[in-house]
Amino acid sequence: MLTSEDVDDAFDDEAFMEERFSDVQRLLLGRGPALGPENLVLLPATHCRMTVGPHAPGPFGRCFAVRLDPGADSSAPRVELLLADDGSLLGLVDAGALDGWRSAIPSGLAARYLAPPVPSLLALLGTGEPAWSCLLVLHRALPSLSEVHVVDREPRRARDFADAAALRTGLRVRVCDDARTTAGGADVVAVTGGHPSVRAEWLAAGALLIDQTATATPATSKPHVRHISLAPPWDRSAGRRHEPLLLAEIVAGRALPRRYGSDIVHYRGGELAGWSAIAAAAGLGHAWQRDVGIPVRLGRVGP
């Protein structure tokens, strides 16, 4: 069984993270394993939602992940990893921590393609659980980063986050009050939730805005903002002409992130088919190899 701290220890490993960046890149290029869709099952008697993922390579052969989102009770959502052959339970993990890393790693790969040259200052808006994994991923993905400015609605939470972030990463981390000023002075801005809307035109020329939520709004009067998305938008009613450029086009070398060096890039995260299953299996497998987590005995232990 993995706690949120165990998940951080498993994922925040340089070699492991580079392998996951490669997984996302292969999926974007259509070279990843052929994985089936996720299946949602509603359990009316318990008001619980169960999502069954496709089979994926795991620590003991092919396995699949099952996500359980409880209904009205107070229990936290969890992900269980089961062996495909017989359904044996291999591990279970807090879903919130896993979700943070699952969202952050594609953003880290995107940052390598979309960030301005040699970025040094990261503005992190929001200090919830997704912000922690986002910070650690960007720290690995962009080794030139030297300073982080943190903004949050709750100053005390921001200070606690900044202290922990400085200790974990070795970067200079300080708390700021004004989101607009902070975003305007950064090379890379990451929006992870828990903060008012951020406008792309606040940013300096050539900067990158990483939007992992729906709180960042596009520019209305600035033509020099380039909109890039991880996955195609759900609503195609507006026509292809207005759709954002897909990250896969840039990764494949068919498009450039900026028309001009001064363009601001607004990257929006999303769901990448197959990535959720790969992330869960790889994370739990790596934790198993590193002997991270709490062993859980199932079944009878005596007569």
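Residues numbered from 1 in each chain as written. Predicted model: local features only at pLDDT ≥ 70, side-chain atom pairs only at ≥ 80, totals over all residues. Heavy atoms only, no water.

(A) Representation of the side chain of Asp263 in the model. Tracing the chain through its elements places Asp263 in the loop between helix H7 (247-251) and strand S16 (264-268). No salt bridge is formed by the buried Asp263. Its closest oppositely charged neighbour is Arg259, at 4.7 Å. The contacts of Asp263, once residues within four sequence positions are left out, are Gly206, Ala207, His224 and Arg258. (Helix = DSSP H or I, 4+ residues; strand = E, 2+ residues; numbered from the N terminus. Buried < 20%, exposed > 50% of the residue type's maximum accessible area, 1.4 Å probe, protein only. Lys, Arg positive; Asp, Glu negative; His and termini not counted. Salt bridge = Lys/Arg side-chain N within 4 Å of Asp/Glu carboxyl O. Contact = heavy atoms within 4.5 Å.)

(B) Representation of the nonpolar core. Core analysis: the largest hydrophobic core is formed by 74 residues, its most contacted members being Leu28, Leu114, Leu138, Leu208, Leu247 and Tyr267. With 10 residues, the top contributor of residues to this core is helix H3 (residues 95-114). Other than its neighbours up to four places away in sequence, Tyr267 contacts Pro106, Ser107, Ala110, Leu114, Leu208, Leu209, Ile210, Asp211, Ile228, Ser229, Leu230 and Leu247. Residues Leu121, Cys176, Val198 and Val225 belong to the second largest nonpolar core, which totals 18 residues. (Core = buried A, V, L, I, M, F, W, Y, C linked by side-chain atoms within 4.5 Å.)

(C) Local environment of a nonpolar patch on the surface. Taken together, the side chains of Met1, Ile294 and Val296 present a nonpolar region at the surface, about 250 Å² in accessible area. Mapping Val296 onto the fold places it in the segment after helix H8 (275-289). On the accessibility criterion, Val296 (45% relative accessible area) is partly exposed. (Patch = residues over 30% accessible without salt bridge, like charges linked within 9 Å, V, L, I, M, F, W, Y side chains within 5 Å. Areas by Shrake-Rupley, 256 points an atom, 1.4 Å probe, with all protein chains shown as cover.)

(D) Just the pattern of salt bridges, in detail. A complete count under the given rule lists 18 salt bridges for this structure. Where Arg67 meets Asp69, a salt bridge forms, and the shortest distance between an N and an O atom there is 3.0 Å. Owing to a relative accessible area of 19%, Asp69 belongs among the buried residues under this scheme. For Arg78, the salt bridge goes to Glu80, with nearest N and O atoms at 2.9 Å. Here the salt bridges do not stand alone but share partners, grouping Arg67, Asp69, Asp99, Arg102 and Glu271 into one network.

(E) Just the side chain of Asp6, in detail. With respect to the helices and strands, the residue Asp6 is situated in helix H1 (residues 4-11). We note that Asp6 is buried and unpaired, the nearest opposite charge coming from Arg290 at a distance of 9.7 Å. In this structure Asp6 touches Met1, Val292 and Gly293, once residues within four positions along its chain are discounted.

(F) Spotlight on the packing of helix H2 (residues 14-28) against H3. Running from N to C, H2 and H3 cross one another at 80°; their axes reach a closest spacing of 10 Å. As far as their axial angle goes, H3 and H2 are roughly perpendicular. Residue-level inspection shows Met17, Glu18, Arg20, Phe21, Val24, Gln25 and Leu28 of H2 in contact with H3, the latter providing Trp101, Ile105, Pro106, Gly108, Leu109, Arg112 and Tyr113. Considered class by class, the residues forming the contact of H2 with H3 number 9 nonpolar, 2 polar and 3 charged. (Axes fitted to C-alpha atoms, helices over the stretch in contact; angles between N-to-C directions. Parallel < 35°, antiparallel > 145°, perpendicular 65-115°, else oblique. Nonpolar A, V, L, I, M, F, W, Y, C, P; charged D, E, K, R; others polar.)

(G) Quick peek at the packing of aromatic side chains. Taken as a whole and judged by the stated rule, the model has 3 aromatic pairs. Here Phe11 and Trp101 contribute two aromatic rings whose centre-to-centre distance is 5.4 Å and whose plane-to-plane angle is 20°, an arrangement assigned as stacked. Of the two residues, Phe11 is situated in helix H1 and Trp101 in helix H3; the sequence distance between them amounts to 90 residues. Phe11 sits in the buried class, given a relative accessible area of 2%. Judged by its relative accessible area of 0%, Trp101 falls in the buried class. A ring pair is formed by Trp132 and Phe161, whose centres lie 5.7 Å apart and whose planes are at 90°; its orientation type is edge-to-face. Residue Trp132 is found in helix H4 (residues 129-141), and its partner Phe161 is found in helix H5 (residues 155-169); the two are separated by 29 residues along the sequence. Note on Trp132: relative accessible area 17%, which makes it buried. Relative accessible area serves as the criterion here: at 8%, Phe161 is assigned to the buried category. Its guanidinium or amino end placed over the ring of Phe16, Arg20 lies 4.6 Å from that ring's centre, counting from NZ or CZ. (Phe/Tyr/Trp six-rings, centres within 6.5 Å; stacked < 30°, edge-to-face > 60°. Lys NZ or Arg CZ within 6 Å of the ring centre and 35° of its normal.)

(H) Structural detail: the pairing of strand S9 (residues 172-175). Sheet topology note: the strand S8 (residues 147-151)/S9 ladder contains 4 bridges and is parallel. Across the sheet, the residue bridging to Val148 is Val173, located in S9. Handedness of the crossover joining S8 and S9 through H5: right-handed. (Pairing = 2+ DSSP bridges. Right-handed = clockwise from strand over helix to strand, strands pointing away.)

(I) Here's a closer look at the confidence of the model for the protein. Summarising the model, the protein shows a mean pLDDT of 86, and 88% of its residues fall at 70 or more. Here residues 236-242 is a poorly scored stretch, pLDDT under 50, and it has 1 contact once near neighbours within four places are set aside; other chains count. (pLDDT = per-residue confidence, 0-100.)

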